[in-house]
There are 2 protein chains.
Amino acid sequence: MVNRFPVTPRTTITDVALLAGVSKATVSKYLSATDYYVSEKTREKIESAIKELNYYPNALAQGLSSRRSYAIGVVVASITNPFYPELVAGVEEVIDPAGYTLLLGTSAENSDKEADVVRTMIQRRVDGAIVASATMRDGSVQKLVNAGINVIVASRELARPLVDTVVIDNRLGGRMAAEHLRGHGFGRAVFLSGPLDVLAFRQRFEGFRSVYREADSAVHLARTSELAEATEAAFGLLRDLPRPSAVFAANDTLALGLMTAAHTLGLRIPEDIALIGFDDIWVGRIPGVSLTTVDSRARQVGAVAAGMLAERIGRHPGESRNARKPPERHVLAPQLIVRGSCGCS
Amino acid sequence: MVNRFPVTPRTTITDVALLAGVSKATVSKYLSATDYYVSEKTREKIESAIKELNYYPNALAQGLSSRRSYAIGVVVASITNPFYPELVAGVEEVIDPAGYTLLLGTSAENSDKEADVVRTMIQRRVDGAIVASATMRDGSVQKLVNAGINVIVASRELARPLVDTVVIDNRLGGRMAAEHLRGHGFGRAVFLSGPLDVLAFRQRFEGFRSVYREADSAVHLARTSELAEATEAAFGLLRDLPRPSAVFAANDTLALGLMTAAHTLGLRIPEDIALIGFDDIWVGRIPGVSLTTVDSRARQVGAVAAGMLAERIGRHPGESRNARKPPERHVLAPQLIVRGSCGCS
DNA sequence: CTGAAAGCGCTTACAG
DNA sequence: CTGAAAGCGCTTACAG
């Protein structure tokens, strides 16, 4: 077979071995650093050969051979929803120093894309995956697990405890928001939410309802929690009579939608409507927004998830069935962030 | 050699070939779809074997063998700066249907991380890279190119036209903002900027200065364009006497910093200070923010960059020297988005 | 349309 | 501490 590829050949481990006057095996051992010892003299020879040849080991070959890709997949619903970049930053923070590369997958609303992402992660043989997309079905997570991938579910939960999970206490968060509103003297409040089949929303609602019970509480739903949809839903809510004087939004984007709709209708916040959101995306800190909210600690959730994943991978390198250790559940505490939109200041 | 890895073996192309009663080569041809023809009968046999065995081709092996990883690297400065997710979304939009996987790299401020990202992209043998980090040095881009990777620089420029570039016309954008401010009757305005060694900032400034000339114009610098630093710098600016009544910020985060500082000092926007930003991050649409700004079209920039990259890769599969076609330059037009902060409404 | 065989660039027991 | 050789799971000319 001659000249299969008419391209500039890259330098390989063989070139390095030749120049250093040692075997490929020895170069490989030098590269892996930890596991094997290499004498000082050969180490030096190898190092200078690598430098001279400007050699970069081929990660595909390494992965194929060692059955370890040093890649981890992160799947989020949408990268433009500011909650997710924050979580991804948390993941990166810990994954990065550990030498892993991040494959980003977006599941969108779309179930085709969801299937694509799952397939991609499996085919690329990621060492682990962090699934942080609220819209991803449990079956998709199951597929990853079946394929032998270590997976951690972050900022959401599965119906059955299939894998490690890291979440905040959403019920508590909902309760905190509701109690704060009640503390302002509001006898009635409305919960503005995305679809209630998203567990986090449902739990926040439960927390809310533990304070505003029965007839006193009401829910108003948006189809999704995109700003446009949220605004649309908020218009509906604000035209309902009697108009609520206090609203707890299931996340900050929904809260911003409410702000937008209120503004258009000439209603002021907090004077006409007191508002609390959920997540604490950075936008809320801007003076003109000044959103009181519950911090869902996206960054920490990401970091903790990455830490748990790294531990799993360490325990089961290559393909595992997640078998040894039973699924763990890490619960972080939410935190009320008081700013202007609730009427405190 | 017996039992090298005590792990559940995954199903391989050999298993599929065996079950389907054909050779690995034929299965491979079926998998590649486009290039080869496979008879209807064998196609069916292969398909059912794949389904029965739940087979997923190993992308590492495919990449090693074909010298095509179907991965593209995207490097941004910071994923939590809302400008970048928007650009990444644009990239994804076109990369995704084309079957590429996105490797995300963050260069941060840190030049160690920058080197890591470059190394990672090279070792993983990405088919191409999109560099959108304003803080990444030209030398790093050069390294990628030297390693035979197709690279597109997005939303920034290199000193020398080394690779394809997609940018907006920053000078024009700066001019549009300045002219709008001048149209409001402001005889003097200040340019609030990040470091002027970032070309985009410098060009925006040039556009600004083409309207507010010489003594009339002034610059005020922030160390970075993080919100906290921006706010800090804005305090300085607002305490300068005479206090400017119009500010053009080099990007929206800087503008938000100015809003924050102004609010703290009891200054109103636009009554006391008219403000225009740059980028049009979605936050500006929120009523309480209502930021007049210049749309830098992050999403389109990302999409166009991805398109150019796909074309390069198609032309030079595997390792190329980006040689054949000279570097291209794609310039998009910025667009003024008028909202409340400039005093228009 | 299909298959045999070499090769992609590494790693890893095993033997020394 | 070092090396020979097999193997990781694919793809691709080449021949039929």
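Quick caveat: nothing in here was measured; it's all calculated off a predicted structure. (Residues numbered from 1 in each chain as written. Chains lettered and ligands numbered in written order. Predicted model: local features only at pLDDT ≥ 70, side-chain atom pairs only at ≥ 80, totals over all residues. Heavy atoms only, no water.)

**Re the domain arrangement of chain A**
Residue and element names in this part refer to chain A.
Reasoning step 1: You can read the domains of chain A as domain 1 (13-57), domain 2 (71-167 + 298-331) and domain 3 (170-295 + 336-342).
Reasoning step 2: Distance from the C-alpha centre of domain 2 to the C-alpha centre of domain 3: 29 Å.
Reasoning step 3: With six residues of domain 2 at the contact, the number on the domain 3 side is seven residues.
Reasoning step 4: Where domain 2 abuts domain 3, roughly 650 Å² becomes buried across the two surfaces, and 54% of that area is made up of carbon and sulfur atoms.
Reasoning step 5: Broken down residue by residue, the surface that domain 2 buries against domain 3 is led by Pro82, Phe83 and Glu157, which jointly contribute 50%.
Reasoning step 6: At the surface where domain 2 touches domain 3, the tally comes to zero salt bridges.
Reasoning step 7: Counted by class, the side of domain 2 that touches domain 3 contains three nonpolar, one polar and two charged residues. (Domains from an automatic or database assignment. Contact = heavy atoms within 4.5 Å. Buried area = accessible area lost by both parts, 1.4 Å probe. Salt bridge = Lys/Arg side-chain N within 4 Å of Asp/Glu carboxyl O. Nonpolar A, V, L, I, M, F, W, Y, C, P; charged D, E, K, R; others polar.)

**Focus: the pairing of strand S1 (residues 71-76) of chain A**
Across a regular strand the side chains alternate sides, sitting on one face of the sheet and then on the other.
Residue and element names in this part refer to chain A.
Reasoning step 1: Judged by how many residues are buried, S1 sits mostly within the fold: six of six residues are covered.
Reasoning step 2: With burial as the criterion, each face of S1 is covered, one bearing Ala71, Gly73 and Val75 and the other bearing Ile72, Val74 and Val76.
Reasoning step 3: Two strands pair when backbone bridges link them, and S1 and strand S2 (residues 101-106) are joined in this way by six bridges, in the parallel orientation. Pairing of Val74 across the sheet is with Leu104, part of S2.
Reasoning step 4: In terms of handedness, the path from S1 via helix H5 (residues 83-95) over to S2 forms a crossover that is right-handed. (Buried < 20%, exposed > 50% of the residue type's maximum accessible area, 1.4 Å probe, protein only. Helix = DSSP H or I, 4+ residues; strand = E, 2+ residues; numbered from the N terminus. Pairing = 2+ DSSP bridges. Right-handed = clockwise from strand over helix to strand, strands pointing away.)

**Some details on the nonpolar core**
One broad rule of soluble globular proteins: the nonpolar side chains tend to lie buried together.
Reasoning step 1: Formed by 156 residues in total, the largest nonpolar core has its most connected members in Ile130 and Val283 of chain A together with Ile130 and Val283 of chain B.
Reasoning step 2: With 42 residues, the next largest nonpolar core counts Ala71 and Ile122 of chain A together with Leu144 and Ala147 of chain B among its residues. (Core = buried A, V, L, I, M, F, W, Y, C linked by side-chain atoms within 4.5 Å.)

**Here's the deal with the relation of the copies chain B and chain A**
Reasoning step 1: Rotating chain B by 180 degrees and translating it 0.1 Å along the rotation axis places it on chain A, where the RMSD comes to 0.1 Å. Such a combination of turn and shift is consistent with a two-fold rotation axis.
Reasoning step 2: Same-surface contact between copies: 100% of interface residues of chain B are shared with the interface of chain A. (Least-squares fit on C-alpha atoms with pLDDT ≥ 70 in both.)

**Some remarks on the protein's contact with DNA strand D**
Reasoning step 1: Close to DNA strand D lie 29 residues, the nearest being Thr26 and Lys29 of chain A together with Ile13, Ser28 and Ser65 of chain B.
Reasoning step 2: The side chain of Ser39 of chain A places a nitrogen or oxygen atom 3.0 Å from a phosphate oxygen of DNA strand D.
Reasoning step 3: The residue inventory of the surface near DNA strand D, partitioned by class, reads 12 nonpolar, 11 polar and six charged. (Near = heavy atom within 4 Å. Polar contact = N/O pair within 3.5 Å; in protein donor to acceptor, adjacent residues only side chain to side chain.)

**A closer look at the interface of chain B and chain A**
Interfaces are often described in size by the accessible area the parts lose on coming together.
Reasoning step 1: Counting from both sides, the interface comprises 59 residues of chain B and, opposite them, 59 residues of chain A.
Reasoning step 2: With both sides pooled, the region where chain B packs onto chain A buries about 5700 Å², and carbon together with sulfur makes up 61% of that total.
Reasoning step 3: Counting every contact that joins chain B to chain A gives four salt bridges.
Reasoning step 4: Residue Asp96 of chain B pairs with Lys113 of chain A through a salt bridge whose shortest N-O separation is 3.9 Å.
Reasoning step 5: Counting across the interface, chain B meets chain A through 16 residue pairs in polar contact (both at pLDDT 80 or more).

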